[in-house]
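# Summary of the model geometry
As a plain string of letters, each chain reads:
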Amino acid sequence: MHSKKNIFVQGPVDAAFIAESIQQHSNKTGIGAHSIFLGQVRADEKDGKKVIGIAYTAYEDMANEQMTLIREAMFEKYKLTCMHVYHSLGQIASGQLCLFVFTSAPHRKAAIDACEETVERLKAELPVWGREIMEDESFQWKINQ
Amino acid sequence: MHSKKNIFVQGPVDAAFIAESIQQHSNKTGIGAHSIFLGQVRADEKDGKKVIGIAYTAYEDMANEQMTLIREAMFEKYKLTCMHVYHSLGQIASGQLCLFVFTSAPHRKAAIDACEETVERLKAELPVWGREIMEDESFQWKINQ
Amino acid sequence: MFVEIMVFGQLTEITGSATVALEGAADTDAVLRLLQTRYPRLTGSRYVVAVNKKIITENTKVGNTDAVALLPPFSGG
Amino acid sequence: MFVEIMVFGQLTEITGSATVALEGAADTDAVLRLLQTRYPRLTGSRYVVAVNKKIITENTKVGNTDAVALLPPFSGG
């Protein structure tokens with residue numbers, strides 16, 4: 001469970017995939033709580049131009065190794081049953097999902113805290129870059145808050 | 001959006017319903033983050049007997065009114081785009097989902113904080129009762145931590 | 001004065017039903033006295049009282065149009 | 001000594017490609033000096049250097065089997 005996984009998926013995360021992931025936990029009857037975070041591409045307006053999508057690239061090998069470290073730290077710190085992370089690569093249109101973080105635990109506090117901490121850490125620590133595509137086909141590089 | 005809604009569903013919350021709820025937000029392109037909490041019935045062991053399910057009852061009218069107050073407080077306190085809450089009634093087997101809290105916002109902090117606070121408040125404030133059904137058909141009333 | 005009391009959760013095991021009709025109670029203190037006389041096990045039980053879907057913390061007048069409810073500790077979610 | 005440098009994100013707009021081959025750099029300080037000479041706009045850019053998928057904070061020896069990468073500020077999620 002703690003070995004190196006590939007978190008990247010080509011294109012958006014789709015809702016059916018999320019449903020399937022949730023469904024797969026119904027036989028883990030020690031779980032009492034799931035916490036899910038979803039990142040959705042926002043149609044921000046920048047300098048009067050609308051963002052129509054974000055194109056994601058990553059240093060995939062390094063990101064997957066770093067994610068393994070984050071995952072191990074989360075299992076160390078919180079009493080978790082499982083944890084799954086998926087990040088999109090390629091162009092994701094506004095309104096589509098680009099990030100799916102899913103933690104499960106016997107009790108809610110562990111699931112909720114681990115999910116939030118994982119989101120914060122992966123935004124800060126994973127070598128992933130988003131290029132915002134504008135409606136006029138110009139672009140600018142995303143900056144995380 | 002802030003008018004009184006019915007949060008109760010008969011039977012478990014199913015994964016396909018969650019997927020549909022997520023999907024319905026893809027046209028709200030001001031959203032950047034979704035936070036979801038799911039409660040799953042745990043197969044706890046109590047006095048050597050396994051919990052096979054929980055039967056939920058509620059003072060529905062009062063719970064829906066109280067949930068309206070919580071919802072209004074969340075929209076007041078956090079910059080949210082939307083918020084949805086569903087709670088099961090009737091018997092829910094271990095491994096099935098009994099609670100679905102779903103908050104969406106332009107930015108992650110509001111979505112995450114509102115989701116967690118809503119979960120805490122609804123567990124403390126909604127007149128809902130769970131009766132844990134044991135494998136030998138005996139039962140005991142659930143106590144929230 | 002006729003009041004119908006709604007009873008929930010584990011308290012229904014004491015009352016044997018989800019509603020209890022009471023005669024001659026004009027306020028919540030009187031309601032509780034009558035109920036505890038009829039169902040002595042209520043005395044040792046934890047619950048709060050709601051009138052018209054609001055939890056009350058002091059004695060409150062009630063009549064036959066009021067929704068009075070006994071609520072044991074919540075355990076939803 | 002031949003080193004291939006991986007370049008990511010907005011830095012690829014400066015280098016014009018995702019990899020840059022360098023000759024004659026034995027450590028990361030030398031790599032950066034050569035890169036900044038070849039691509040002057042790098043000097044004003046924010047980035048960190050990773051060697052073998054770990055971010056380094058001080059000068060590090062590199063050879064042709066090491067994975068050297070220039071990483072601008074992350075913006076995933």
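Above this text is the structure in question.
Here is a short report on the structure shown in this document. Every chain is numbered on its own, with residues counted from 1 as its sequence reads. All chains are assigned letters beginning with A, and all ligands numbers beginning with 1, in the order in which they are written. Where totals are concerned, whole chains, interfaces and linings use all residues; where local detail is concerned, this predicted model gives features only for residues with pLDDT of at least 70, and gives and counts side-chain atom pairs only at 80 or more. Remark: hydrogens and water are excluded; side-chain values derive from all non-hydrogen atoms of the structure.

Moving on, we come to the overall build of chain A. To qualify as a helix, a DSSP run of H or I must reach at least 4 residues; to qualify as a strand, a run of E must reach at least 2; elements of each kind are numbered from the N terminus. Counting its secondary structure elements, chain A contains three helices and eight strands. For chain A, the N- to C-terminal ordering of α and β elements is β-α-β-β-β-α-β-β-α-β-β. Only C-alpha atoms enter the radius of gyration; for comparison, a globular chain is expected to reach 2.2 Å times N to the power 0.38, where N is the number of residues. For chain A, the C-alpha radius of gyration of 16 Å lies close to 15 Å, the compact-globule estimate for 145 residues. Its C-alpha atoms give chain A principal-axis dimensions of roughly 50 × 30 × 25 Å.

Attention shifts here to the relation of the copies chain A and chain B. At an RMSD of 0.0 Å, chain A and chain B line up after a rotation of 180° and a shift of 0.0 Å along the axis. Such a combination of turn and shift is consistent with a two-fold rotation axis. When you check the interface residues of chain A against chain B, 100% turn up at the interface there too, and the contact is symmetric in its surfaces. We superpose the copies by least squares over the C-alpha atoms of residues that have a pLDDT of at least 70 in both of them. Contacts are assigned to residue pairs that have any heavy atoms within 4.5 Å of one another.

Aromatic rings from Phe, Tyr and Trp, with only the six-membered ring used for Trp, were paired whenever their centres fell within 6.5 Å, and each pair was classed as stacked if the ring planes differed by under 30 degrees, edge-to-face if by over 60, and tilted otherwise. What the rule picks out here adds up to 14 aromatic pairs over all chains. Residues Tyr59(A) and Phe8(D) carry aromatic rings whose centres are separated by 4.8 Å and whose planes lie at 20° to one another, so their mutual orientation is stacked. Pair noted here: Tyr59(A) is in the loop between β4 (49-58) and α2 (60-77) and Phe8(D) is in the loop between β1 (2-7) and α1 (11-15), and the two residues belong to different chains. Across the pair, exposure class does not vary: Tyr59(A) and Phe8(D) are buried alike. Aromatic pair Phe100(B) and Phe102(B): ring centres 5.7 Å apart, planes at 20°, arrangement stacked. Only protein chains enter the calculation, and the probe is 1.4 Å; a residue is then buried if its accessible area is under 20% of its type maximum, exposed if over 50%, and partly exposed in between. With relative accessibility at 0%, the residue Phe100(B) sits in the buried group. Judged by its relative accessible area of 0%, Phe102(B) is buried. Following the ring pairs from residue to residue traces out a cluster consisting of Phe17(A), Tyr86(A), Phe100(A) and Phe102(A).

So, about the pairing of strand β5 (residues 82-93) of chain A. Residue and element names in this part refer to chain A. Any two strands with at least two DSSP-identified bridges between them are counted as paired. Sheet topology note: the strand β1 (residues 8-10)/β5 ladder contains three bridges and is parallel. Counted as the bridge partner of Val 9 is Ser 88 from β5. As defined by bridge partners, β5 adjoins strand β6 (residues 97-105) across six bridges and the pair is classed as antiparallel. By the bridge assignment for β6, Tyr 86 is matched with Phe 100. Taking the residues between adjacent antiparallel strands as the criterion, β5 and β6 are bridged by three residues, where Gly 95 takes a positive phi near 95°.

Okay, the interface of chain B and chain C next. Every contact between the two is made by 24 residues of chain B and, on the other side, 18 residues of chain C. As used here, buried area is the combined drop in accessible area, with a 1.4 Å probe, of two parts when they are placed together. When chain B packs against chain C, close to 1,700 Å² is buried across both sides, 57% of that on carbon and sulfur atoms. When the area that chain B buries against chain C is broken down by residue, the three leading residues are Tyr59(B), Trp129(B) and Trp141(B), summing to 40%. Salt-bridge detection follows one rule: a side-chain nitrogen of Lys or Arg within 4 Å of a carboxyl oxygen of Asp or Glu. Its salt-bridge partner being Lys53(C), residue Asp61(B) comes within 4.0 Å of it at the nearest N-O pair. Contributing elements (two or more residues each) for the side of chain B that touches chain C: β4 (49-58), α2 (60-77), β6 (97-105), α3 (108-125), β7 (128-134) and β8 (139-141) of chain B. Tallied by class, residues from the side of chain B that touches chain C come to 15 nonpolar, three polar and six charged. When residues are sorted by character, Ala, Val, Leu, Ile, Met, Phe, Trp, Tyr, Cys and Pro go into the nonpolar class, Asp, Glu, Lys and Arg into the charged class, and all the rest, Gly among them, into the polar class.

To continue, consider helix α3 (residues 108-125) of chain A. Over its 18 residues, α3(A) extends 25 Å from the first C-alpha to the last, a length consistent with the 26 Å expected when each residue adds 1.5 Å. For α3(A), the set of buried residues is Arg108(A), Ala110(A), Ala111(A), Ile112(A), Asp113(A), Ala114(A), Cys115(A), Thr118(A), Val119(A), Leu122(A) and Lys123(A). Between the first and last residue of a helix there are one fewer steps than residues, each counted as 1.5 Å, and that sum is the expected span.

Ordered in space as β2-β1-β5-β3-β4 (chain C), the five strands form an open sheet in which the pairing is mixed. Each end of this open sheet is capped by a strand with a single partner; those strands are β2 (19-23) and β4 (54-55) of chain C.

Looking now at the pattern of salt bridges. All names here are of chain B. Counted according to the given criterion, the structure contains 18 salt bridges over all chains. Between Glu 132 and Lys 46 there is a salt bridge; the shortest N-O distance is 2.9 Å. Taken together, the residues Glu 132 in strand β7 and Lys 46 in strand β3 (residues 45-46) connect sequence positions 86 residues apart. For Glu 132, a relative accessible area of 5% gives the class buried. One salt bridge in this structure joins Lys 77 and Glu 117, with 2.9 Å as the shortest N-O distance.

Quick look at the interface of chain A and chain B now. Listed per partner, the contact involves 37 residues of chain A and 37 residues of chain B. Both sides together, the interface formed by chain A and chain B hides about 3,100 Å², and carbon and sulfur atoms give 52% of it. Counting the surface chain A buries against chain B, the share from its top three residues, Gln40(A), Arg42(A) and Arg108(A), is 22%. The interface formed by chain A and chain B holds two salt bridges in total. Between Glu120(A) and Arg108(B) there is a salt bridge, and its shortest N-O distance comes to 2.8 Å. Between N or O atoms, a polar contact is any pair within 3.5 Å; within protein, one atom must be a potential hydrogen donor and the other a potential acceptor, and residues adjacent in sequence are included only when both atoms are from side chains. For the interface between chain A and chain B, the tally reads 17 residue pairs in polar contact (both at pLDDT 80 or more). Elements represented by at least two residues in the side of chain A that touches chain B include exactly α1 (15-23), β2 (33-40) and α3 of chain A. Classifying every residue of the side of chain A that touches chain B gives 15 nonpolar, 14 polar and eight charged.

What follows is about the packing of α1(A) against helix α1 (residues 15-23) of chain B. It is at 8 Å that the axes of α1(A) and α1(B) come closest, and there the two elements cross at 150°. When the interaxial angle is binned, α1(A) and α1(B) end up roughly antiparallel. Helix-helix and strand crossings are classified by hand; for α1(A) and α1(B) the assignment is right-handed. The segment α1(A) lies against α1(B), with Ala15(A), Ile18(A), Ala19(A), Ile22(A) and Gln23(A) engaging Ala15(B), Ile18(B), Ala19(B), Ile22(B) and Gln23(B). Tallied by class, the residues present in the contact of α1(A) with α1(B) amount to eight nonpolar, two polar and no charged. Fitted lines through C-alpha atoms serve as axes, helices being fitted only where they are in contact, and the angles separating the N-to-C directions of these axes extend from 0 to 180 degrees. Every angle not falling under 35 degrees, over 145, or within 65 to 115 is termed oblique; those three ranges are roughly parallel, roughly antiparallel and roughly perpendicular. A clockwise turn of the near helix away from the far one marks a right-handed crossing, whereas an anticlockwise turn of less than a right angle marks a left-handed crossing.

What follows is about the packing of α2(A) against α3(A). Residue and element names in this part refer to chain A. Between α2 and α3, the shortest axis-to-axis distance is 11 Å and the interhelical angle comes to 155°. Classified by the interaxial angle, the pair formed by α2 and α3 is roughly antiparallel. Of the two elements, α2 crosses α3, and the hand of that crossing is right-handed. Of the residues in α3, those in contact with Gln 66, Met 67, Ile 70, Ala 73, Met 74 and Lys 77 of α2 are Ala 114, Glu 117, Thr 118, Arg 121, Leu 122 and Glu 125. Tallied by class, the residues present in the contact of α2 with α3 amount to six nonpolar, two polar and four charged.

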